[in-house]
Amino acid sequence: MKKHSKIIVLVLSVALVIAGLALSVSADNGTPGATYSGGEGGLLSATTLEAAFAAAPDNDLITLTGDTTVTAPIPVVNRATLNLNGYTLTVNAEKLFTVSENVSLDIVGTGTINLDGMLAEYSESVNADFSLVGSGNGINVNHNGSKKTTVTKARSGIFEFKNANIVATPNTDTAFTMPGGASVTYSMTGVNIDTTGSTAVDSNSGVFYIATGGHLNLKNCNIDTSGVVVEIQSQ
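Analysis parameters
- Residues numbered from 1 in each chain as written.
- Predicted model: local features only at pLDDT ≥ 70, side-chain atom pairs only at ≥ 80, totals over all residues.
- Heavy atoms only, no water.
- Helix = DSSP H or I, 4+ residues; strand = E, 2+ residues; numbered from the N terminus.
- Buried < 20%, exposed > 50% of the residue type's maximum accessible area, 1.4 Å probe, protein only.
- Contact = heavy atoms within 4.5 Å.
- pLDDT = per-residue confidence, 0-100.
- Pairing = 2+ DSSP bridges.
- Core = buried A, V, L, I, M, F, W, Y, C linked by side-chain atoms within 4.5 Å.
- Salt bridge = Lys/Arg side-chain N within 4 Å of Asp/Glu carboxyl O.
- Phe/Tyr/Trp six-rings, centres within 6.5 Å; stacked < 30°, edge-to-face > 60°.
- Polar contact = N/O pair within 3.5 Å; in protein donor to acceptor, adjacent residues only side chain to side chain.

**Comments concerning the overall build of the protein**
Turning to step 1, where the next piece is worked out: Each helix and strand counted, the protein has one helix and 20 strands in total.
Turning to step 2, where the next piece is worked out: Within the span of the protein, comprising 235 residues, buried residues form 48% of the whole.
Turning to step 3, where the next piece is worked out: For the protein, the share of sequence-separated contacts (at least 6 apart) that also reach a separation of at least 24 residues comes to 68%.

See the structure below:
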């Protein structure tokens, strides 16, 4: 039987400023629909969340107005902020977002994300920031890892998590991965992470895999795991 360990870590954190225009996404009876600003000051319509991201202008704000399901990865080519607005976003795909440009992506508000795969994956050459910042009761992320092994795979930039509850059961031994050669800062404040349900995490693996040159800042976080908290790449 695995022995569970629980830690509370206090270290300096980094804040991320979020700004944007207005864009709204809705789902009626389980069928996603979307309206977005289009940069024209009014709302235009889109039939899917992917179409809304594709049509939204740079630095737009997307606000869910109903529970929504995503079945294919959504490419992010402009700066964007997604407000969950108290609803549930279910991801039946290998990843929710793919980022191949140097643009920031922010998820805010309250609500739940049910992940079958990865939350966000960045191309190797991309230097961009990501944040998941909950308000009120925070954001719940339930990651079952059946299609992808980690919650996020960072390349270069700042990955900030704040006021969130993350239950991760990845198929391999880490929930947050930083590949070799990456220059990334994982910054977490007020985040609860539970990997005790994983069948892969053991005493020789970590919740975080930190590559040479990477940084991990934790403040007021609770981590419940069957393994170690941090695994550091060998020099």
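Next comes the rest of the account.
**A short note on the confidence of the model for the protein**
Caution applies to low-pLDDT regions: their predicted coordinates should not be interpreted in detail.
Turning to step 1, where the next piece is worked out: Looking at the protein as a whole, the pLDDT averages 76, with 71% of positions reaching at least 70.
Turning to step 2, where the next piece is worked out: Confidence drops under a pLDDT of 50 for residues 1–31, and excluding neighbours within four residues, the segment shows 105 contacts in the predicted structure.

**Focus on the pairing of strand β13 (residues 130–143)**
Turning to step 1, where the next piece is worked out: Where strand β11 (residues 105–115) and β13 come together, ten bridges link them in parallel fashion. From the neighbouring strand, N114 faces β13, where its bridge partner is N142.
Turning to step 2, where the next piece is worked out: As judged from the nine bridges shared by β13 and strand β15 (residues 156–168), these two strands associate in the parallel manner. Counted as the bridge partner of I139 is A164 from β15.

**What to know about the nonpolar core**
Turning to step 1, where the next piece is worked out: Ranked by size, the top nonpolar core spans 52 residues in total, and within it F161 and F176 carry the most contacts.
Turning to step 2, where the next piece is worked out: Setting aside residues no more than four positions away along its own chain, F176 makes contact with V151, T152, F161, I166, Y186, M188, I193, V207, F208 and Y209.

**Some thoughts on unusual backbone geometry**
Turning to step 1, where the next piece is worked out: Not every positive phi belongs to a glycine, and N59 is a case in point at roughly 65°.
Turning to step 2, where the next piece is worked out: Inspection of the secondary structure assignment puts N59 in the loop between α1 (49–55) and β5 (60–64).

**Thoughts on the pattern of salt bridges**
Turning to step 1, where the next piece is worked out: With the rule as written, the count across this model stands at two salt bridges.
Turning to step 2, where the next piece is worked out: Two residues, R79 and D58, come together in a salt bridge whose shortest N-O distance is 2.5 Å. A residue pair is termed long-range when its members are at least 10 positions apart, and R79 in the loop between β7 (74–76) and β8 (80–83) and D58 in the loop between α1 and β5 qualify at 21 residues.
Turning to step 3, where the next piece is worked out: R79 gets classed as partly exposed once you look at its relative accessible area, which sits at 35%.
Turning to step 4, where the next piece is worked out: Overall, D58 belongs to the partly exposed group, its relative accessible area being 35%.

**Comments concerning the packing of aromatic side chains**
Turning to step 1, where the next piece is worked out: On inspection of all chains with the given rule, the structure shows nine aromatic pairs.
Turning to step 2, where the next piece is worked out: Judged by centre distance (5.8 Å) and plane angle (50°), the rings of F130 and F161 are tilted. With F130 in strand β13 and F161 in strand β15, this residue pair connects regions lying 31 residues apart in the sequence.
Turning to step 3, where the next piece is worked out: We classify F130 as buried; its relative accessible area is 0%.

**What about the environment of Q233?**
Turning to step 1, where the next piece is worked out: Counting through the fold element by element, Q233 comes out in the segment after β20 (228–232).
Turning to step 2, where the next piece is worked out: Separated by 19 residues in sequence, Q233 and G214 place their C-alpha atoms 9.6 Å apart.

**Observations concerning the side chain of E121**
Turning to step 1, where the next piece is worked out: Within the element layout of this structure, E121 appears in strand β12 (residues 118–122).
Turning to step 2, where the next piece is worked out: Within the structure, E121 has its side chain in polar contact with the side chain of K95 (distance 2.5 Å).

**Digging into the environment of G66**
Turning to step 1, where the next piece is worked out: On the secondary structure map, G66 appears in the loop between β5 and β6 (68–70).
Turning to step 2, where the next piece is worked out: Taking C-alpha positions, G66 is 7.5 Å from T88, a pair spaced 22 residues apart along the chain.

**A few points about the environment of A51**
Turning to step 1, where the next piece is worked out: Relative to the assigned elements, A51 resides in helix α1.
Turning to step 2, where the next piece is worked out: Remark: the alpha-carbon pair of A51 and P75, spanning 24 residues in sequence, is separated by 9.8 Å.

**Re the pairing of β12**
Turning to step 1, where the next piece is worked out: Where burial is concerned, most of β12 is hidden: five out of the five residues are buried.
Turning to step 2, where the next piece is worked out: One ladder, built from four bridges, connects strand β10 (residues 95–99) with β12; its direction is parallel. Following the sheet pairing, V99 is matched in β12 by Y122.

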